[in-house]
Amino acid sequence: MINYRVYPTLLNTFSWYLRGGNISEQEMIAAINRVPTPTTAAQDRGISFEEAVVKGTDEARFDPDILAKVRKLLPRPIVDVQVYCQWEIEDVLFYGYVDLIGKYKAVDLKTTGSYQKDRYVNNHQNLYLHALKRKGIRLMEYIITDFTDVYVESYPLTHPIDRQLEEIRQFKEFLEQNRAFITDKKIFVSA
């Protein structure tokens with residue numbers, strides 16, 4: 001029986017919170033409650049870059065060589081874009097959208113101001129693989145740009161997810177401990 005609905009961005013924020021990142025308990029609760037925050041210039045640039053790569057929209061905003069490098073790494077053919085994924089993990093419904101899928105791999109486009117190797121090794125989006133395996137997807141690939149160069153991180157279906165699963169268990173405890181402060185009841189299936 002499903003009791004919780006969670007998505008990767010929220011779980012990644014919680015992971016950051018657990019590791020002593022620059023986020024308070026109150027800010028974590030605000031993230032759970034989906035309190036609107038202004039879109040930053042970096043977020044806007046990332047969204048625009050994804051649209052430029054996939055749809056060809058406003059390509060002039062970006063270096064044509066970077067766009068070409070990223071496009072060369074995309075699966076051929078692209079089977080679908082903005083693919084909804086869901087996977088039941090114990091009593092949790094994990095859900096979200098992956099940017100695009102090919103015949104055997106899912107791809108998420110990322111932008112950053114500064115890239116560090118293995119940045120996505122424990123990203124909760126890696127769980128998309130388990131949601132998509134029935135479609136033949138066996139690889140989660142992040143294509144990342146800092147607008148100077150392009151990087152790729154690839155994780156197979158066999159990539160360990162123990163840390164992500166433990167963080168989901170911890171997140172459920174956090175939700176229960178703070179239930180009185182959570183106003184977005186969509187996260188709880190049975191309230």
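These figures come from a predicted structure and were not determined experimentally.

Which parts of the structure should I look at to understand the overall build of the protein?
Scanning the protein from terminus to terminus reveals six helices and six strands. Taken from N to C terminus, the helices and strands of the protein fall in the order β-α-α-α-α-β-β-β-α-β-β-α. Relative to its length of 191 residues, the protein is compact, with a C-alpha radius of gyration of 17 Å against a globular reference of 16 Å. In terms of its C-alpha atoms, the protein occupies a principal-axis envelope of roughly 50 × 35 × 25 Å. Considering only contacts within the protein whose residues lie at least 6 apart along the sequence, 65% involve residues at least 24 apart. Per element, the accessible surface of the protein, about 10,400 Å² overall, is 51% carbon and sulfur. Taken as two groups, the 25 positive and 26 negative side-chain charges of the protein have centres that lie 4 Å from each other.

I would appreciate a short explanation of helix H6 (residues 162–177) in the present structure.
Counting along an α-helix, one turn takes 3.6 residues, and residues three or four places apart therefore face a common direction. Helix length check: H6, at 16 residues, gives a terminal C-alpha distance of 23 Å against a target of 22 Å (1.5 Å per residue), a fit within 8%. Looking only at H6, the buried set comprises Gln164, Leu165, Glu167, Ile168, Phe171, Lys172, Phe174 and Leu175. On its buried face, H6 is in contact with strand E1 (4–6), helix H1 (8–18), helix H2 (25–32), strand E2 (80–89) and strand E3 (92–101).

What exactly am I supposed to notice about H1 here?
Turning to H1, its buried residues are Pro8, Leu10, Leu11, Phe14, Ser15 and Tyr17. Of the residues one or two after H1, Gly20 is the one with positive phi, at around 75 degrees.

Would you mind showing me how to read the side chain of Asn178 here?
Structurally, Asn178 can be placed in the segment after H6. Those residues in contact with Asn178, other than ones at most four positions away along the chain, are Glu25 and Ile29.

Help me understand the pattern of salt bridges, please; the structure alone is not making it clear to me.
Any two side chains of opposite charge can pair if their charged atoms end up close together. Summed over all chains, the structure comprises 13 salt bridges. Arg19 serves as the salt-bridge partner of Glu167, at 2.6 Å between the closest nitrogen and oxygen. Of this pair, Glu167 sits in helix H6 while Arg19 sits in the loop between H1 and H2, placing them 148 residues apart in sequence. With a shortest N-O distance of 3.2 Å, Glu90 and Arg169 are connected by a salt bridge. Placement of Glu90 in the loop between E2 and E3 and of Arg169 in helix H6 is noted, with a sequence separation of 79 residues between them.

In this structure, what is going on with the nonpolar core? I would like to understand it.
One recurring pattern in soluble globular proteins is that nonpolar side chains are buried together. Ranked by internal contacts, the top residues of the largest apolar core, which has 41 residues, are Met28, Ile32, Val98, Leu132, Phe171, Leu175 and Ile187. Elements that contribute at least two residues to this core include exactly E1, H1, H2, E2, E3, helix H5 (128–132), strand E5 (139–145) and H6. Among the nonpolar cores identified, the runner-up in size contains 14 residues, and Ala52, Leu67, Leu100 and Leu109 belong to it.

I keep staring at the pairing of E3 and nothing clicks. Help me out?
The side chains of a regular strand alternate between both faces of the sheet. Across the 10 residues that make up E3, a large majority, nine, are buried. Two elements, E1 and E3, share three bridges in a ladder whose sense is parallel. Note on E3: the bridge partner recorded for Tyr4 is Val92. As paired strands, E2 and E3 are joined by nine bridges and run antiparallel to one another. Note on E3: the bridge partner recorded for Ile89 is Val92. What sits between E2 and E3 in their antiparallel hairpin is a turn of two residues, with Glu90 showing a positive phi close to 55 degrees.

Rules used throughout
Residues numbered from 1 in each chain as written. Predicted model: local features only at pLDDT ≥ 70, side-chain atom pairs only at ≥ 80, totals over all residues. Heavy atoms only, no water. Helix = DSSP H or I, 4+ residues; strand = E, 2+ residues; numbered from the N terminus. Rg over C-alpha atoms; globule rule 2.2 N^0.38 Å. Contact = heavy atoms within 4.5 Å. Areas by Shrake-Rupley, 256 points an atom, 1.4 Å probe, with all protein chains shown as cover. Lys, Arg positive; Asp, Glu negative; His and termini not counted. Charge placed at Lys NZ, Arg CZ, Asp CG, Glu CD. Expected span 1.5 Å × (residues − 1). Buried < 20%, exposed > 50% of the residue type's maximum accessible area, 1.4 Å probe, protein only. Salt bridge = Lys/Arg side-chain N within 4 Å of Asp/Glu carboxyl O. Core = buried A, V, L, I, M, F, W, Y, C linked by side-chain atoms within 4.5 Å. Pairing = 2+ DSSP bridges.

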